[in-house]
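# Fold and geometry: a report
What follows is each chain in one-letter form.
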Amino acid sequence: MHALCETRYTGCGLMKRLAVLFSLLFAPGLWAAGGPFSSIHSQLADLSLDPAKTYHVRDVRLARGGITIYLNDGILSFASPVGGKVVGAVFSCVGTDTGDAEVLVMPPGRGERASLAYYTKSPNLDEHFKEAIFLFTDDTLQDVLRQIQQGVAPNVPEEARKLAPRWSEMLRNIAGDLEVSLGESLLNNDPPQLGLFYGLIAGETLHRFDVVYQPHLEESVTVGSIVDQNNRPIFRVWTSFAPRHRTPLPPDPFTLSHFQIEATIHPDLSMSAVTDFRVTPHIAGRQVLSLEISNRMKVTSATISGQPAEVFQPESIRGSDEFGVGSFLVISPHPLVAGEPVQVKIQHEGSVIQNDGSGVFFVSARNIWFPHRPNDSSTFDLTIRCPSNLRVVSTGKLESDQVVGDVRTVHRVLGSPVEFAGFNLGDFESTTVDHGPFRIECFANRALLALITRDSSARGSGQRLHEISNETASLLDQYSTMWGPLPIHNIAITPIPGTFGQGFPGLIYLSTLTYLDRNERPPQYQSPLMDMFFSDLLLAHEVAHQWWGNLVNPADYRSDWLMEALANYSALQLIERRKGHAEFAQAMLHFTAELTKRDSLGRPVDSTGPVDLGVRLLESTNADAWRVITYDKGTWVMRMLCLRMGTDAFAKFLKQIVADYAGKELSNEDFRIMASRFMPAGDPDRSLEFFFDTWVYGSGIPTLALKPEKGSGGEYVLEQTGVEPGFAADVPVTVETPGKPAVVKWVRSGSDGASFSVPRGSKVTLPAPEDFLYVKRAKAATLSRSATTPRAAGEPQ
């Protein structure tokens, strides 16, 4: 199947900061000349090695979070200061017999060790190197000088002059790549304990890679490298984690709220906009606001409380695609006061809409077209102008839609705080249905409706719109009963070219293929699975996102999968009720097949990484990994949890999540802890810690078989193959003893097999393949579960 949603680009602070922090993606930026940032820029562009601060060092140790660097023997040359502070250094021991340096990184979690091993062939990083560039805004200079004073480290100014021809330009280039992060930290006068540390390491075996420590982030340690993917450079994260011992995180520097956006879509589909919003600072003395916007949009000016503000926005060397997002800085003319809101106005322009040539438009930057900040929720007041022959739909309740001359002006307001605000554009026909508390607007491209009318005489051009509206109304009723009411009552369904959908607050993008009957779709989309996807699953999944992802928000990129898995499993449950268990089982078996499919190196897709790696899976060498692991494995996690908990308890559990986390952020651990409260008393893993270690924080899909012990009437071995030696899972084995009700026995699998006993004469079977994620070993077919075997406790009949 296809991905249900494109990347929702929620609050993945790690991924978004890396887009700026790492390299080669950005050329010199644009800024309002004459401000404090332009001075920082000039000094970074003139960085040079300082002979007075060049030393022959031995046994220098730099510990930054979970990164430890040993400069055992070599030349360390610091750079000239920037803003009065030394921010760079070069290390080299090339050409010496005894020179050496080493970097150690030991990720604390199983999933991160597996991720590191996926890229480096080792779960821990221990790499020797002879050359490195360091950039920092912490106390690295003072740390080194302290250690130098305790030993013997002569000043060697002549070595700076030897290193300069090779290293000065490279140092300036890398500093330019890090200009946003360095400038933000310097202008905000970050204390040393919150300063950035970055190392570009030339490893002896791993070649060039980056180690980064950003103590103000939850996951402050990152290791990875720049690679070329689809003819553009990206930063591939090898591992990212919070160190075992860390200082408390600082408070959020500021929050955004009360967005007012006035945008004009011009006849050539370019857009110009003014975004006005409130900023509430939480830390005194800071001057820099770090914001994000699509790389397709150029920020042209900004004001803070009516005063001109300096802007710095890196430019992309290569064209950005629809997922491209970049950071930019707005520098206040004076330090901001904690607790005193200021009004920020930003002008921006660019092209985020594409025309496929047939009059159907594709909005590429659907949730990043305006300045924003991850995880900040806000109300939205949107006024969008477009050519009068087109219609624009956005998040929010329709206040007015007026045409004056050749310009249409649409005003929509959303009074409930949300994280996303999107829009869509097209030559639309529409229908509106008032259903209970909801007003449902359904839009379709006129060209598409003309195709339906031509190919299907039985349907009028508006019938499909009414069908989708009625189906949406039914879904809203069912989900409201299951999870509780929504604060948003205006729902707009709009078409988008492609094979996916997206569910924003009050605005759903639905694949144009969903508007077509099976026989009207291209041949490759006419199989039974594709028919279920486009006819039954996609709309139900996107409507479910009004709760999962919009009302309840993921806490970070690691918990994004929860929203997709909950939306997907909920949609599949509705399909099972409406169309029967066979269609549901077909989908689950398809998910297993996709997860166990082998790549070009013979590795199953599932081995790319655990589900909690989230969007980092997009960087892997397997193009399908993010989609398959997020949706397919995520759905499997919910399936297994539902059956383990019992369907009634699972339904109560989801309703309680919505009640407790509406308008809040839900992490993986929040989810686990709440789920544990609904587990049955006799479960061997009521805390679900082992379950999450196996299926959320780990990888692996076992091949299982039941084997009776020779010469015994009730002894069995659960054999496990096809996974790493440390993999283990609790497997629900069904035991049928004559004259007694069938029971489920939990057996913990392992590489050496797991022995267990049952009453003599009992029938022992593995779970049905649609109830548990595993592969059944072919030789164990005679022991497979029969069609009449009772299901696990709580499983729907």
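See the structure above.
An account of the accompanying structure is given in this report. Bear in mind that the values here come from a model prediction, so they are computed numbers and not experimental data. (Residues numbered from 1 in each chain as written. Predicted model: local features only at pLDDT ≥ 70, side-chain atom pairs only at ≥ 80, totals over all residues. Heavy atoms only, no water.)

Attention shifts here to the sheet that holds strand E30 (residues 507-511). Remark on secondary structure: sheet strands pair via backbone hydrogen bonds, oriented parallel or antiparallel. Pairing is mixed in the open sheet, where five strands are placed in the order E26-E27-E28-E30-E29. The open sheet has two free edges, formed respectively by strand E26 (428-435) and strand E29 (502-504), since each of these has just one partner strand. Each neighbouring strand pair of the sheet contributes to a mean axis angle of 15°, computed without reference to strand direction. Both strand E27 (residues 438-445) and strand E28 (residues 490-496) contribute to a ladder of four bridges, which runs parallel. Of the residues in E28, the one forming a bridge with Cys442 is Ile493. Packed on one face of the sheet, helix H8 (residues 463-483) meets E26, E27, E28 and E30 and runs near 145° to E27. Sheet strands touched by helix H9 (residues 528-544): E28, E29 and E30. Its angle to E30, the strand with the most contacts, is close to 160°. (Pairing = 2+ DSSP bridges. Helix = DSSP H or I, 4+ residues; strand = E, 2+ residues; numbered from the N terminus. Axes fitted to C-alpha atoms, helices over the stretch in contact; angles between N-to-C directions. Contact = heavy atoms within 4.5 Å.)

This brings us to the packing of H8 against H9. For the pair H8 and H9, interaxial distance at closest approach is 10 Å and the crossing angle is 50°. Taken together, the axes of H8 and H9 lie oblique to each other. Regarding H8 and H9, the two cross each other, and that crossing is right-handed. Between H8, through Ile468, Glu471, Thr472, Leu475, Leu476, Tyr479 and Trp483, and H9, the contact on the second element is made entirely by Leu539, Ala540, Val543 and Ala544. Grouping the amino acids of the contact of H8 with H9 by side-chain chemistry returns nine nonpolar, one polar and one charged. (Parallel < 35°, antiparallel > 145°, perpendicular 65-115°, else oblique. Left-handed = near helix turned anticlockwise from the far one by under 90°. Nonpolar A, V, L, I, M, F, W, Y, C, P; charged D, E, K, R; others polar.)

So, on to unusual backbone geometry. Even without being glycine, Asn189 reaches a positive phi, approximately 50°. Note on placement: Asn189 falls in the loop between helix H6 (179-187) and strand E7 (197-203). Asn189 gets classed as exposed once you look at its relative accessible area, which sits at 61%. Phi is positive for His258, close to 55°, though the residue is something other than glycine. Relative to the helices and strands, His258 resides in strand E11 (residues 254-265). (Buried < 20%, exposed > 50% of the residue type's maximum accessible area, 1.4 Å probe, protein only.)

Before going further, it helps to examine the pairing of strand E5 (residues 100-105). Burial of E5 is extensive: five of the six residues sit out of reach of the surface. One ladder, built from six bridges, connects strand E3 (residues 67-79) with E5; its direction is antiparallel. Pairing of Ile67 across the sheet is with Val105, part of E5. Sheet analysis places E5 next to strand E6 (residues 125-136), joined by five bridges and oriented antiparallel. Along E6, the bridge assignment pairs Glu102 with His128.

This paragraph deals with the sheet that holds strand E38 (residues 763-765). Read across the sheet, three strands follow the order E36-E35-E38 without closing on themselves; strand pairing throughout is antiparallel. Each having just a single partner strand, strand E36 (743-748) and E38 make up the two edges of the open sheet. Neighbouring strand axes in the sheet, compared pairwise and without regard to direction, differ in orientation by 30° on average. Here three bridges tie strand E35 (residues 730-736) to E38, and the two strands are oriented antiparallel to one another. If you follow Glu736 over to E38, its bridge partner there is Lys763.

Time to look at the nonpolar core. The biggest cluster of nonpolar side chains holds 157 residues, and the ones touching the most others in it are Tyr479 and Trp548. In terms of residue count, helix H12 (residues 625-645) provides more of this core than any other element does, twelve residues in total. Residue contacts for Tyr479: discarding those within four places in its chain leaves Gly484, Ala540, Val543, Ala544, Trp547, Ser570, Ala571 and Leu574. Counting residues in each nonpolar core, the second largest holds 37 residues, with Ile67, Ala89, Leu125 and Ile148 among its members. (Core = buried A, V, L, I, M, F, W, Y, C linked by side-chain atoms within 4.5 Å.)

If you walk through the whole model with that rule in mind, you get 38 salt bridges. Residue Arg558 pairs with Glu219 through a salt bridge whose shortest N-O separation is 2.3 Å. On the criterion of sequence distance, the pair formed by Arg558 in the loop between strand E31 (553-554) and helix H10 (560-579) and Glu219 in the loop between strand E8 (208-213) and strand E9 (221-229) is long-range, its members being 339 residues apart. A single burial state applies to Arg558 and to Glu219, both of which are buried. Across the pair Asp276 and Lys345 runs a salt bridge, and its minimum N-O distance is 4.0 Å. Placement of Asp276 in strand E12 (residues 271-281) and of Lys345 in strand E18 (residues 342-350) is noted, with a sequence separation of 69 residues between them. Judged by relative accessible area, Asp276 falls into the buried class, the value being 15%. Owing to a relative accessible area of 39%, Lys345 belongs among the partly exposed residues under this scheme. (Salt bridge = Lys/Arg side-chain N within 4 Å of Asp/Glu carboxyl O.)

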